[in-house]
Amino acid sequence: MSFFGLDCVKKKEKETERKIRANDREYNHSFRYATNAIKTSKYNLLTFLPLNLFEQFQRIANAYFLCLLVLQVIPAISSLSWFTTVVPLTLVLTVTAVKDAIDDINRHRSDRKVNNRKAQVLIDGELRSERWMNVQVGDIIRLENNQFVTADLLLLSSSEPLNLVYIETAELDGETNLKVKQALTVTGEMGGSVESLAAFKGEVCCEAPNNRLDRFMGTLVWKEQKYPLDNQSVLLRGCTLRNTDWCFGLVLFAGPETKLMQNCGKSSFKRTSIDRLMNILVLFIFGFLVLMCIILAVGHGIWENYEGSKAMGFVPRTEDVGPAFSAFLTFWSYIIILNTVVPISLYVSMEVIRLGNSYYINWDRLMYYGRSDTPAEARTTTLNEELGQIRYVFSDKTGTLTQNIMTFNKCSINGKTYGDVYDHYTDQRLEITEDMIPVDFSFNSLADPKFQFYDSSLLEAVKLEMVEVQSFFRLLALCHTVMPEEKNKDLVYQAQSPDEGALVTAARNFGFVFRSRTPESLTIVEMGVQRTFDLLAILDFNNVRKRMSVIVRSPEGRLSLYCKGADTIIYQRLHHSCSKLMEETTEHLNEFAGEGLRTLVLAYKDLDEAYFSEWQQRHLEANTALEEREEKLNLLYEEIERDLLLIGATAIEDKLQDGVSQTIEQLAKADIKIWVLTGDKQETAENIGYACNLLREEMSDVFIVAAHSPETVRQELRDARAKMRPGSGEDAFFIPESILGNDPKVVQDESVNGDYGLVISGHSLAFALEGSMELELLRTACMCKTVICCRVTPLQKAQVVELVKRYKKAVTLAIGDGANDVSMIKAAHIGVGISGQEGMQAVLSSDFSFAQFRFLQRLLLVHGRWSYLRMCKFLRYFFYKNFTFTFVHFWYAFFCGFSAQTVYDEGFIALYNLVYTSLPVLGMALFDQDVNDGWSLQYPQLYVPGQLSRYFSKTAFMKCALHSCYSSLVLFFIPYFTVYDSMRSDGKQLADYQSFAVLTQTCLTVAVCVQLSLDLSYWTAVNHLFVWGSLGMYFIVTFTMQSDGLYQLHPKSFQFVGTGRNSMDQFSVWLTVLLTAVLCVLPVLVHRFIFIQLNPTINDTVRFKVRRKKDQRPAPQRRAKIRRSSTRRSGYAFSHAQGYGDLVTSKRFLRRPAITRATAFNPTGRSPAFKPTGRSAGYSPSNKAQNSKQEAEPTELQRYRAVHDSTL
Amino acid sequence: MASSYSAKEEDGQRAGAPGPAGNANSGKKPDNTAFKQQRLPAWQPILTAGTVLPAFFIIGLIFIPIGIGLFVTSNNIKEFEIDYTGTDSWSPCYNCAQNYSWNSSTPCRCTLPFTLEQPFESNVFMYYGLSNFYQNHRRYVKSRDDSQLNGDLSSLKYPSKECEPYRLNENKPIAPCGAIANSMFNDTLELYYIDPNGTQTLIPLMKKGIAWWTDKHVKFRNPGGSNANLTAVFQVSTKPVNWRNPVYELDSDPENNGFINEDFIVWMRTAALPTFRKLYRIIQKKNNMTPTLPRGNYTLEVVYNYPVNSFEGRKRMILSTISWMGGKNPFLGIAYITVGSVCFFLGVVLLFIHHKYGNRNNSSDIPN
């Protein structure tokens, strides 16, 4: 809101390149690099007042009131005493200043704490303990384990082999997994020797400070040799050193120039649609104010001309002022008097309301997730009411809809299915529930206690040593790329994909425990017997092959190939002898797929020794080939993976989060459209779509757009639309442009018969998002009930959100959990982060965060709806009360010669908004609920009025203004006629100005109070207190201000002495108050009642229904498990990342057995950035915290780069 | 309004997520208070036919009798009004009105005869009324110094700037300063009863007890305390430009002189509207036997000082009796009767609407 736009800090010349010489403070000093002292605080003792005030007056509202104050000081204009503006303004400024001061004190405190941390700096050849703030660019510092990195450092050497260090970047990006950094070999050779480090005179030339966390470019020149530097050897401030005894680093960027601090910039400022509407309305109000003032000024001019000249006898008048100038002054006087149409307390109250409603979200126990001890959090406190207007929800899939947990659910072995539980007597399949007793794996000391399986017949089969069952599990134990880890005697698997982890864990529990691996061997404990298999080859997974195989030699010397993969692929490679088994297995596969399970087919084959050694020879050649290596290998793999023998199939459940389908159903009822934007493959995404009820079998059609050229994409979109709405041509679908003309076009909603779904792939989306086609996409997509975009990049996610934001006049919400969702979270009107699954990046950039997708329905349908309702009620009432208050002045102008005389006492004007009417309306905006949360969830339709902005719009505002106009007429003319030529009951004058003022203001206070009571639908004790308290306060303050004592103290300020006492003992006064209150409310009551009778809103209907039911809370919803029958099936038990077979077979990972985390793997030569921390690296069979994942974007990019590099 | 209190209910936490989520790790679990969970017990009134319709009838039933009572009371009040501005040539005050001046030294007198058709039984209040006099004009209203009027000696010597241009006269501070005081009403009204046999009797007019107690005892005070020699105290100041006599010669009674002169106080209580009446004198009831003002002929003797012709104002003299609800003003009574009837009528209309259409929504189900 800054309109001064001044930047006080003069920027020094832009740095383009940074030159640093190690251990040479003088040289580095010449560049005036920032030191390591940071200052996040804004003020100090001296500057606080001026700076804070300056900042506050940059807000338009405050500046406006300052202008008013200036006007009020001019005697010719001043129609109100200065205190009517000063009191509220001071109050507002003070409250804000105190808040700012507290914030700043906290910042000072944390700055001081950080700046005074100790670091070991190498100065003059020895290590000295220095405060952080004294560290300078070019210094060499020594860090120890678990210390924070002091500044952005170039890693020189470390205690670990290969000059590695392990860092945690939790403070930087919220991810808790360890990352590896490696120093250059040349510098690493210096090791821990202080002498050689002190003698190190390397010169670094690198990029200027910037905020890119993932990039660094520079060169090190040492001993006349140039070495390139990249991100791999840079430690960023904000990281923590882990698992590393010590390391040395050269300070590159310090203090405010570090990447952490450069990243601290505030993210884009989001505003709610109410805010935007308010801005328009405030402009309109200003216009209206000016209009009123012009009318009155003209009136004044005329009056001066005709009456004023005659009234000279009694009205003092300066001679030289003509009517025109007098009218001009009156204009400003009336600007001051009527300024209450835009009261300062409006903005303050809105902030308070939003803050309060944010706290309710933080406090909600039903949005608290016990397992991860995460309450919901409103990270932005200014967007609450927007939550009640959401029309589009953009959701990520993995981690948001699903738990990203795979469980081994069922299997089919040799034509028999396992996994279902049947009733002993009726032979009916039972639903698996929490209270069923799982199979007891206690015979197996190595079993994973978290693994649960309910069908005991499978274990019996294993115990009976059935050959097929045994080879089934042997395959699962051998054919994978999982890394075992012994942690506190516990066996932990680090799997690249959670599916794989689930399969290996299943095998482990059924007695085929994968114990350890070396590059050449696999050790498994088979029913208690340890056996070591020679690992001869891994035929790794990729997206084309859709299968992986291993070739192993058993301890007995048998040579076998084990293969698992997608059914379609494996079936082509099966030996013809298993055709019968194939049929049975296919049936089972269909059954599994129907339950939304992910399936894999397992097969094996025994190999001929001679053939294999010959194949192995060719494999080695191909592996070392320089050209067409991939193709050659693929051919070899194809050759050997043939004539396989089918064993069976597995079915893995990609567990949805609790309550996802119910939530989606609820949101759909609330007319919220859900678009799933996922990086997953189309099949997976579709499958999840079906599983969580987004796509349904009974849908009229599900369009799949997966074309590879712009034309076909356009055609497919058009075809889809033609099918949904036959005969709809290119008719006008834009809402006519608004009067302002520069508004973006708005695409109208088009109604279609039937439910449709749209699945669009990343490729097609890329074409469809291009300028010419985006409207096609939008129109088609908006006609569908469900839209699923798969294989989308983070950027595309944001583009889709932007597209809808741009052309639909709708509020959007994006929900996601991973770093790849950040862009869309930032793009949407409201970003929601799911915490506790994938690092913190999404949460950090979100506006609201909680732990489970299902809390979304509560956030929107309860908190959002209430917030919106409350804010709208607040605004409607607030405008009403202020307009009414102000318009009375307007009417009075016609009876006081347009002289800018106020109707009310000045004290009343100063306190009306602050004391007499603020608390009741605040109470309403903090406590009101039309129906309680239970009913809100029971009837999601209650949400719809919010989407249509029914409760507060320009029309509603106009209604408010009209209502106020009526009320002000009543409030002025009823007292007018009552006192006109009338007397008090003791014969004295009734119509004196002061009595009239007291009478009118009493009528006003009572009338707006009654109006509030009518609006208030939820009277808590606090509301009672506020309403009656404020009314009482009015009388108390009035009597106090008009008391003898205060008058004696300062007669000029308390001229109203005794007026209250004298006028309130009059019957006629009270009769007037009663009459005005009734007359003000009567039309509202009639209007509302007639509408409830004739055209009830959904709110009225529900409230009426609630009233008729005795219990106030609906019965908790039955959470029926939604079963669906489907013939669809998918076989994606692999992540879509390239497998890491060669990492497994490479010997490097065994170099440091102490580092047990998968993340600690030294990046191999094949892809410098490849770390097995992709989206699905963290596998856990239960709800234990997942390994955090790396940003999807860089890995995607790096993967591309890796492929690119390898082809060079 | 229909009402019901929703009792505080049990925490509705679903049991759907059992497991390790015990109390052990519920460190951040929000408190289960009715306030934080937004389950404060509350009265939830809604507009139903059962509450709105009776309300309308009740309002009607209450308002109509009140209105009738007010109307009757107002009608029983006796009021007599006579305009003595003297704009018309036949008016006895025509001559006085023509030669107006604030400072004319010779008082102009005029006599207006009038007849009371009915006797005024109880205390009679005598008012002067002015029209088109903007006593509520902003520049006029603020043109006073309350400190001075409250007896502050320094304000007496240095009146507030608000009083400009009636602050200083010939370098002496004006007391009382300001436009309000300067334009004080200075006509003298006297009332004579003409016996049926033709003799005139002066009706005694009470000039005390016409101002508010708070004004007389709190707001207005003479400088230098209650027993000071006013002439001496006010020596530092000069009289307002339009006044004939200085403020300490307003009345001979020291209790009614200076700033605490009740005529002055009444004037200083500025009117809210450009047409107003101010209490001038009270005619007290002598005994229960005779009416205060019997039926018959009267004359009003006016010492015509106050010019209103310049601003086309009117001057009136009003005699009125008073009831428990004040002076004669049928407005409130009529308003109450009207509003009451409208409420009753609306009640009937709404009842009809409710019967015809209302049941439709009550039985209708909520669409999904």
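Residues numbered from 1 in each chain as written. Chains lettered and ligands numbered in written order. Predicted model: local features only at pLDDT ≥ 70, side-chain atom pairs only at ≥ 80, totals over all residues. Heavy atoms only, no water.

## Focus on the overall build of chain A
Secondary structure assignment for chain A yields 40 helices and 38 strands. Sorting the 1208 residues of chain A into buried and exposed places 60% on the buried side. The contacts in chain A between residues at least 6 apart in sequence include a share of 74% that link residues at least 24 apart. Carbon and sulfur atoms form 57% of the exposed surface of chain A, whose accessible area is close to 48,800 Å². (Helix = DSSP H or I, 4+ residues; strand = E, 2+ residues; numbered from the N terminus. Buried < 20%, exposed > 50% of the residue type's maximum accessible area, 1.4 Å probe, protein only. Contact = heavy atoms within 4.5 Å. Areas by Shrake-Rupley, 256 points an atom, 1.4 Å probe, with all protein chains shown as cover.)

## Considerations on the overall build of chain B
In terms of regular secondary structure, chain B is built from 10 helices and 11 strands. Buried residues in chain B amount to 52% of all 368 residues. Split by element, the accessible area of chain B, about 16,500 Å² in all, is 55% carbon and sulfur.

## Focus on the interface of chain A and chain B
If you look at the interface, chain A gives 118 residues, while chain B gives 124 residues. Counting each side, the surface lost to burial between chain A and chain B is near 10,600 Å², with a carbon and sulfur contribution of 59%. The salt bridge partner of Asp981(A) is Arg277(B), with a shortest N-O separation of 3.4 Å. Along the contact surface separating chain A from chain B lie 36 residue pairs in polar contact (both at pLDDT 80 or more). It is helix α37 (residues 1067-1094) of chain A that provides the largest number of residues to the side of chain A that touches chain B, a total of 17 residues. The class makeup of the residues in the side of chain A that touches chain B is 57 nonpolar, 34 polar and 27 charged. (Buried area = accessible area lost by both parts, 1.4 Å probe. Salt bridge = Lys/Arg side-chain N within 4 Å of Asp/Glu carboxyl O. Polar contact = N/O pair within 3.5 Å; in protein donor to acceptor, adjacent residues only side chain to side chain. Nonpolar A, V, L, I, M, F, W, Y, C, P; charged D, E, K, R; others polar.)

## Overview of the UniProt feature "transmembrane region" (unreviewed entry) in chain B
Residue and element names in this part refer to chain B. UniProt's entry tags residues 46-72 and 331-353 with the feature "transmembrane region" (unreviewed entry), counted in the numbering of this structure. Secondary structure content for residues 46-72 is 89% helix and 0% strand, and the end C-alpha separation is 38 Å. What you have in residues 331-353 is 100% helix and 0% strand, and the ends, taken at the C-alpha atoms, are 32 Å apart. (UniProt positions renumbered as here; feature names shortened; annotations may be inferred.)

## Observations concerning the nonpolar core
With 136 residues, the main nonpolar core has Tyr334(A), Phe874(A), Leu875(A), Phe879(A), Tyr892(A), Leu1075(A) and Phe56(B) as its most contacted residues. The residues touching Leu875(A), leaving out its near neighbours within four places in the chain, are Ile274(A), Met278(A), Leu346(A), Met350(A) and Phe952(A). Core analysis: the next-biggest nonpolar cluster, separate from the first, contains 71 residues, Ala181(B), Phe185(B), Ala211(B) and Leu230(B) among them. (Core = buried A, V, L, I, M, F, W, Y, C linked by side-chain atoms within 4.5 Å.)

## Side note on the packing of helix α28 (residues 906-916) of chain A against helix α34 (residues 1021-1041) of chain A
Residues and elements named next belong to chain A. Contact geometry for α28 and α34: axes closest at 11 Å, N-to-C directions at 155°. Between α28 and α34, the interaxial angle falls into the category roughly antiparallel. As for how α28 packs across α34, the hand of that crossing is right-handed. On α34, the residues that touch Gly907, Phe908, Leu911, Val915 and Tyr916 of α28 are Ser1030, Met1033, Tyr1034, Val1037, Thr1038 and Met1041. When grouped by side-chain class, the residues that make up the contact of α28 with α34 number 8 nonpolar, 3 polar and no charged. (Axes fitted to C-alpha atoms, helices over the stretch in contact; angles between N-to-C directions. Parallel < 35°, antiparallel > 145°, perpendicular 65-115°, else oblique. Left-handed = near helix turned anticlockwise from the far one by under 90°.)

## Some points on the domain arrangement of chain A
Often, the extent of an interface is quoted as the loss of accessible area on bringing the components together. Domain assignment breaks chain A into domain 1 (135-264), domain 2 (350-358 + 874-1099), domain 3 (366-400 + 657-725 + 752-861) and domain 4 (406-607 + 643-655). The C-alpha-based centres of domain 2 of chain A and domain 4 of chain A are spaced at 74 Å. (Domains from an automatic or database assignment.)

## Overview of the sheet that holds strand β2 (residues 79-83) of chain B
All names here are of chain B. The sheet built from 4 strands is open, its strands ordered β2-β11-β4-β9 with antiparallel pairing. Taken across any chain shown, the strands that pair with only one partner, and hence form the sheet edges, are β2 and β9 (276-283). Here the average twist between neighbouring strands, direction ignored, is 20°. In this structure, strand β4 (residues 124-131) lies alongside β9, joined through 7 bridges in antiparallel fashion. Counterpart to Tyr127 in the pairing with β9 is Leu279. (Pairing = 2+ DSSP bridges.)

## Side note on the domain arrangement of chain B
Split into domains, chain B comes out as domain 1 (52-77 + 337-352) and domain 2 (79-321). Just the C-alpha atoms count here: the centres of domain 1 of chain B and domain 2 of chain B sit 41 Å apart.

## Describing the state of the cysteines
Residue and element names in this part refer to chain B. Inspection of the entire model under this criterion finds 3 disulfides over all chains. Residue pairing for Cys96: its cysteine sulfur links by disulfide to Cys108, the two sulfurs lying 1.7 Å apart. Across the disulfide from Cys96 to Cys108, rotation about the S-S bond amounts to roughly -85°, and the bridge is consequently left-handed. On the criterion of sequence distance, the pair formed by Cys96 in helix α2 (residues 94-98) and Cys108 in strand β3 (residues 108-116) is long-range, its members being 12 residues apart. Residue classification places Cys96 among the buried residues on the basis of a relative accessible area of 4%. On the basis of relative accessible area, Cys108 is assigned to the partly exposed category, the value being 24%. Across the disulfide, Cys163 is cross-linked to Cys177 (sulfur-sulfur distance 1.9 Å). One end of the pair, Cys163, is in the loop between α5 (153-157) and β5 (168-169); the other, Cys177, is in the loop between β6 (172-173) and α6 (179-182), with 14 residues separating them in the sequence. (Disulfide = S-S within 2.5 Å.)

## Here's the deal with helix α23 (residues 774-783) of chain A
By the criterion of burial, α23(A) is predominantly enclosed, with 9 of the 10 residues buried. Those residues of α23(A) that sit buried are Glu774(A), Glu776(A), Leu777(A), Leu778(A), Arg779(A), Thr780(A), Ala781(A), Cys782(A) and Met783(A).

## Side note on the pairing of strand β8 (residues 203-207) of chain A
Residues and elements named next belong to chain A. In terms of burial, β8 is largely enclosed, as 4 of its 5 residues are buried. Note: strand β1 (residues 17-21) against β8, 5 bridges, orientation antiparallel. Across the sheet, the residue bridging to Ile20 is Val204, located in β8. Of the strand pairs in this sheet, β8 and strand β9 (residues 217-222) are connected by 4 bridges, and their pairing is antiparallel. Note on β9: the bridge partner recorded for Cys206 is Gly218.

## Focus on the packing of helix α3 (residues 60-73) of chain A against helix α10 (residues 323-337) of chain A
Residue and element names in this part refer to chain A. Put simply, α3 and α10 touch, their axes get as near as 10 Å, and they point 130° apart. The orientation of α3 with respect to α10, classified from their angle, is oblique. Two packed elements cross with a definite hand, and for α3 against α10 that hand is left-handed. Of the residues in α10, those touching α3 at Leu68, Leu71 and Gln72 are Trp332, Ile335 and Ile336. Class assignment of the residues belonging to the contact of α3 with α10 gives a composition of 5 nonpolar, 1 polar and no charged.

## Let's talk about the sheet that holds strand β11 (residues 234-235) of chain A
Residue and element names in this part refer to chain A. With antiparallel pairing, 6 strands are arranged side by side in an open sheet as β3-β2-β4-β13-β5-β11. The sheet is open, and its two edges are formed by β3 (126-131) and β11, each paired on a single side. Bridge count between strand β5 (residues 152-158) and β11: 2 bridges; the pairing is antiparallel. Considered in β11, the bridge of Leu153 is made with Leu235.

## With respect to the environment of Gly399(A)
Inspection of the secondary structure puts Gly399(A) in the loop between β15 (390-395) and β16 (402-413). Distance from Gly399(A) to Met871(A), taken between C-alpha atoms, is 33 Å for residues 472 residues apart in sequence.

## Regarding the packing of aromatic side chains
Inspection of the entire model under this criterion finds 98 aromatic pairs over all chains. Both rings, one in Phe908(A) and one in Tyr912(A), keep their centres 5.5 Å apart while their planes meet at 50°; by these two values the pair is tilted. One end of the pair, Phe908(A), and the other, Tyr912(A), are both in helix α28, 4 residues apart, so they sit about a helical turn from each other. Residue Phe908(A) shares its accessibility class with Tyr912(A), and that shared class is buried. Arranged with centres 5.5 Å apart and planes meeting at 25°, the rings of Phe908(A) and Tyr916(A) form a pair that is stacked. These aromatic residues form a ring-pair network of at least three members: Tyr892(A), Phe895(A), Phe972(A), Phe973(A), Tyr976(A), Phe977(A), Tyr980(A), Phe996(A) and Phe331(B). Between Arg508(A) and the ring centre of Tyr493(A), over which it is positioned, the NZ or CZ distance is 5.3 Å. The ring centre of Trp212(B) lies 3.8 Å from the NZ or CZ of Arg269(B), which sits over that ring. (Phe/Tyr/Trp six-rings, centres within 6.5 Å; stacked < 30°, edge-to-face > 60°. Lys NZ or Arg CZ within 6 Å of the ring centre and 35° of its normal.)

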